[in-house]
Every structure is written in structure tokens, then in C-alpha cells.
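Letter by letter, the chains look like this.
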Amino acid sequence: MIVSKDPNEVREQILSWKSQKLSVGFAPTMGFLHEGHANLFVRSSSENSKTVVSIFVNPAQFNDPEDYAKYPVNTEGDLEICKKSKVDLVFLPEKDTMYPGGIPEVELKIPHLMKNLDAITRPGHFEGVLLVLSRLFHSIPADRSYFGKKDYQQYLIVKDFVKALGFPMEIIGVDTVRSPEGLALSSRNARLTDSEKEEALLLSRALRLGESQIRGGEKDPQEVLNVMKDVLDSSSKITTDYLEILNADTLEELHILKGEVLLAVAAFLGQVRLIDNITVRVS
Ligand code: AMP
């Protein structure tokens with residue numbers, strides 16, 4: 001496995017693979033890797049000749065400086081997971097390499113997908129994500145890039161962004177990996193106490209209960225939201241940031257549940273903000 005901090009070296013390697021007609025898959029991450037990330041790498045390996053992973057905690061996408069400062073890091077452990085998942089190249093850039101001269105003033109937006117959810121509660125977050133991805137895609141001109149649907153809005157935005165800017169790259173969404181109890185795996189879970197981890201299960205429980213209401217025939221999103229809200233409100237440790245039911249393709253609001261529907265939640269447990277979602281097809 002090649003490990004490099006140098007964007008030019010990484011680009012050269014990828015271009016050399018491509019000149020040999022080897023296909024390249026890419027999974028951008030912020031490290032502190034877990035099975036959710038590994039699932040992206042394994043999927044990429046199964047669909048491409050070479051798999052590239054980047055590990056970079058991107059300061060441009062944090063709207064809360066404390067969240068950035070406390071973001072967990074474990075480079076040695078990350079490299080082990082990459083090796084086990086058959087990753088071919090790990091790009092580990094430094095902040096000054098990614099942003100020489102600091103974070104530039106530029107605003108990247110996909111307005112129709114940035115009207116709600118994290119786009120509102122984390123101002124500037126997706127702009128920072130699109131900035132770092134643009135830079136990463138210059139160094140890593142992959143054929144396919146892999147994104148987790150745990151960050152569902154991010155997945156939709158990136159898919160649209162790549163199409164709008166004409167990057168010759170396919171964006172592939174990968175299902176959320178959960179603990180056996182249902183908690184969506186996240187690097188931020190490492191900051192939860194055991195009892196907070198227990199309470200965090202209420203996020204996926206609320207989503208599942210919403211799903212079963214919908215499958216039971218409920219067509220009014222407000223009714224489903226009320227049931228889900230009761231689950232979250234049953235814990236005094238949870239502060240809900242948003243709880244929404246939207247069209248899963250357009251992120252438009254729904255008055256009647258129909259088609260592919262997104263149930264999305266963000267909540268704080270202490271200082272730690274968690275997100276989760278599921279999609280349900282309504283017949
Ligand atoms: P992050 O390191 O949190 O920026 O995540 C890097 C990539 O891994 C993103 O595309 C995430 O959506 C994806 N990811 C994170 N957690 C999970 C999970 N539990 N299941 C599937 N994908 C995930």
C-alpha cells in the first residue's frame with residue numbers, strides 16, 4: 001500500500017494506473033476509520049482495479065471550531081484498516097498542502113439541495129465539503145468515488161456538483177453501516193460515554209418507528225414526525241437539531257407521503273452532534 005502526503009506524487013500514480021487501463025475508485029474520509037468507511041473501500045475494490053483513500057480533517061467544513069479541535073485522529077489505526085480493506089493508495093495531505101495561503105474565499109453551492117437539513121443548521125458546511133472535494137479530485141482523478149448514504153444530503157449534493165462541473169467521475173452511494181443495536185457508525189461516536197451511546201440508539205429507533213408508521217399506511221408526514229419526535233423527546237439527554245421527512249430525490253417538503261421518502265434526524269448528545277437517516281419507498 002502506497003502512503004503519500006504529496007498531491008503531485010498521488011496524481012502521477014493515478015495517471016500511471018489509468019494509462020495502463022486500470023480503473024480507479026476513490027473514497028474521501030476524515031479518518032478515525034470504522035467499518036462504515038471500510039465498507040466503502042471494499043465496495044470500491046470490488047468495482048475497480050485500484051482503490052484510493054484520502055484522510056484529511058478538512059477545516060473548511062467545520063462551522064464549529066470546537067468540533068474541529070476535538071475531531072478524533074488515529075492515523076496508525078486508520079492505515080491498518082486501509083491495509084486490511086485492500087486499499088492501494090492512501091493520500092494523507094497536510095493542511096498547508098491542501099490550503100496553501102489559507103482557506104480561499106469562494107462559495108460553492110448547489111442551491112436546490114441546500115435549503116434545509118445540514119445546509120441550514122451547519123452554515124458553510126457543504127461549501128467546505130465541495131471545496132475540499134474539488135481539490136481532492138484534482139489530485140485523484142478517479143473513475144468512481146464512493147460516498148456513504150449516512151451523509152445522505154452530502155451524497156446528493158456531491159452527485160449534482162460533479163455533474164454540474166463536468167468531472168468525468170461517477171458518484172456511488174453506499175448504504176449506512178450500523179452497530180448490531182442499530183447505531184449508525186460514526187467517528188464521532190468515540191466521543192460518547194457508554195450511557196450516551198445507549199441514548200443515541202433512540203435516533204435509529206425513531207427512524208424505524210417512522211418507517212413502520214409509513215409502511216402501516218400513514219400518509220401524513222406530520223403524524224409520522226409526531227411519533228418520531230416522542231421517541232427523541234423521551235430522553236432528556238437528547239437535543240434534537242432537526243427531524244424532517246422529505247422527498248428523497250429532491251429534498252423538497254412533502255404534504256402527502258409518496259414515492260421515495262427520506263426520514264432524517266440530527267441531534268446533540270452533550271456536545272456531540274449525530275446524524276442518521278433512512279429512505280422508505282411509499283407505494
Ligand atoms: P467521514 O470520515 O465522516 O467524512 O466519512 C467519509 C465517508 O464515509 C463519507 O462518504 C461518509 O458518508 C461515509 N461513512 C461514514 N460513516 C458511515 C457509515 N456508518 N456507513 C456508511 N458510510 C459511512
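Within an unreviewed UniProt entry, the label attached to the chain reads Pantothenate synthetase, and the organism entered is Leptospira sarikeiensis. Recorded in UniProt for the chain, the comment headed Sequence similarities (unreviewed entry) runs: "Belongs to the pantothenate synthetase family."

A.B. asks: So, the domain arrangement of the chain: which residues are in play, and what are the values?
C.D. replies: The domain architecture assigned to the chain consists of domain 1 (2-174) and domain 2 (187-282). Domain 1 and domain 2 are separated by 26 Å when their C-alpha centres are compared. With both chains or domains summed, domain 1 and domain 2 bury close to 1,900 Å², and 51% of this area falls on carbon and sulfur atoms. The largest share of the area that domain 1 buries against domain 2 comes from Leu117, Lys150 and Tyr152, three residues that together contribute 30% of it. At the boundary of domain 1 and domain 2, one finds four salt bridges. Arg273 is the salt-bridge partner of Asp118, the closest N and O atoms lying 2.8 Å from each other. Counting the contacts that link domain 1 with domain 2 gives 12 residue pairs in polar contact (both at pLDDT 80 or more).

A.B. asks: Describe the site of the ligand, and please don't skip the residues or the numbers.
C.D. replies: Near the ligand there are 17 residues, and of these Met30, Gly148, Asp151, Val177 and Leu185 occur at the shortest range. Within the backbone of Met30, one N or O atom sits 2.9 Å away from an oxygen atom of the ligand. In the model, a nitrogen atom of the ligand is placed 2.8 Å from a nitrogen or oxygen of the Leu185 main chain. Isolated, the ligand exposes 480 Å² of accessible area, and the fraction of that covered by the protein chains is 92%.

A.B. asks: So what's going on with the UniProt feature "binding site: beta-alanine" (unreviewed entry) in the chain? Which residues, and what values?
C.D. replies: According to UniProt, the feature "binding site: beta-alanine" (unreviewed entry) maps to Gln61 in the numbering used here. Positionally, Gln61 belongs in the loop between β3 (50-55) and α3 (65-69). Not counting the four nearest positions on each side in its chain, Gln61 is found in contact with Met30, Arg122, His125, Gly128, Val129 and Val132. Engagement of the side chain of Gln61 in a polar contact is seen with the side chain of Asn58, the distance being 2.9 Å.

A.B. asks: Break down the pattern of salt bridges for me, citing the residues and quoting the values.
C.D. replies: On inspection of all chains with the given rule, the structure shows 20 salt bridges. Its salt-bridge partner being Arg43, residue Glu47 comes within 2.7 Å of it at the nearest N-O pair. Of this pair, Glu47 and Arg43 both sit in helix α2 (residues 35-47), four residues apart, which is roughly one turn of the helix. Judged by its relative accessible area of 30%, Arg43 falls in the partly exposed class. The structure contains a network of salt bridges with shared partners spanning Asp67, Arg122, Arg188 and Arg191.

A.B. asks: Talk me through the sheet that holds strand β4 (residues 89-91); I want residue IDs and the actual numbers.
C.D. replies: One open sheet holds the six strands; their spatial order is β1-β4-β3-β2-β5-β6, and the pairing between them is parallel. The outermost strands of the open sheet, each flanked by one partner alone, are β1 (2-4) and β6 (170-174). Neighbouring strand axes in the sheet, compared pairwise and without regard to direction, differ in orientation by 25° on average. In the sheet, β3 pairs with β4 via three bridges, with the strands oriented parallel. Within β4, the residue paired with Val52 across the bridge is Leu89. Docked against the sheet, α2 engages β2 (24-29), β3, β5 (144-148) and β6, running at close to 155° with respect to β5. Across the sheet, helix α7 (residues 125-139) lies against β2, β3, β4 and β5, angled at about 145° from β2, the strand it touches most.

What counts as what
Residues numbered from 1 in each chain as written. Predicted model: local features only at pLDDT ≥ 70, side-chain atom pairs only at ≥ 80, totals over all residues. Heavy atoms only, no water. UniProt positions renumbered as here; feature names shortened; annotations may be inferred. Domains from an automatic or database assignment. Buried area = accessible area lost by both parts, 1.4 Å probe. Salt bridge = Lys/Arg side-chain N within 4 Å of Asp/Glu carboxyl O. Polar contact = N/O pair within 3.5 Å; in protein donor to acceptor, adjacent residues only side chain to side chain. Near = heavy atom within 4 Å. Areas by Shrake-Rupley, 256 points an atom, 1.4 Å probe, with all protein chains shown as cover. Helix = DSSP H or I, 4+ residues; strand = E, 2+ residues; numbered from the N terminus. Contact = heavy atoms within 4.5 Å. Buried < 20%, exposed > 50% of the residue type's maximum accessible area, 1.4 Å probe, protein only. Pairing = 2+ DSSP bridges. Axes fitted to C-alpha atoms, helices over the stretch in contact; angles between N-to-C directions.

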